[in-house]
Amino acid sequence: MAKLTQADILKGASQVRTQYFETLGGELDVRPLTEGEWAEIESMRGSGAKITGSPRFNSKGDFDIKSMQRDMQVVIDSKEIQMLEFEARAKAVAWGLSVNGETWEVDEVKQLRPVGAVEEIAEFVFEISGVTEEASEQARSFRQDTGGAEDNPNAPGRDTV
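Since we're looking at a predicted model, the values are computed, not measured.

### Points about the overall build of the protein
Reasoning step 1: Broken down by element type, the protein carries eight helices and four strands.
Reasoning step 2: The secondary structure elements of the protein, listed N-terminal to C-terminal, are α-β-β-α-β-α-β-α-α-α-α-α.
Reasoning step 3: For the protein, the proportion of its 161 residues judged to be buried stands at 25%.
Reasoning step 4: Counted over contacts in the protein with a minimum sequence separation of 6, partners at least 24 positions apart contribute 53%.

Put into structure tokens, the structure is as follows:
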């Protein structure tokens, strides 16, 4: 197994791929997302649900779960969630298409036609970035199956004595 250098790791985002997009009827050069870009997209996706209420404590200073269940509410705005999902996809497309000296802005991506082009390109960007829904499901399943590294003393990256 080859040892990676910092340059090897950082060049991952510059690995441009040419892909044919059916909705556009042509090819585009696309790059994968960086870790920071993916984190920003994920944070956008999760911001459409709000939790209202305050934590409650019992006389021992522990969380009063029953009281919190009564008082806390999750408010989901489906319109806002849908718009945030589109914004996240448009941002992913803008980053993914910003290659070879061209820089795309989110507002430019929103002008793409026909309808469905943003979705198709975003899915490819997610795929080459290794963050497809299927990959996310596999990661969640793996964490549940193994209990996660923090719960598994034999997990890779854990020191054993």
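### Comments concerning the packing of aromatic side chains
Reasoning step 1: Counted under the stated rule, the structure contains three aromatic pairs.
Reasoning step 2: Between F21 and F124 the ring centres are 5.8 Å apart and the planes differ by 80 degrees, which places this aromatic pair in the edge-to-face class. Placement of F21 in strand β1 (residues 17-21) and of F124 in helix α6 (residues 117-129) is noted, with a sequence separation of 103 residues between them. Accessibility assignment for this pair places F21 and F124 in one class, buried.
Reasoning step 3: Ring geometry for W38 against F126: centres 5.6 Å apart, planes inclined by 70 degrees, an arrangement best described as edge-to-face. One end of the pair, W38, is in helix α2 (residues 35-45); the other, F126, is in helix α6, and 88 residues separate them in sequence.

The rules behind the values
- Residues numbered from 1 in each chain as written.
- Predicted model: local features only at pLDDT ≥ 70, side-chain atom pairs only at ≥ 80, totals over all residues.
- Heavy atoms only, no water.
- Helix = DSSP H or I, 4+ residues; strand = E, 2+ residues; numbered from the N terminus.
- Buried < 20%, exposed > 50% of the residue type's maximum accessible area, 1.4 Å probe, protein only.
- Contact = heavy atoms within 4.5 Å.
- Phe/Tyr/Trp six-rings, centres within 6.5 Å; stacked < 30°, edge-to-face > 60°.

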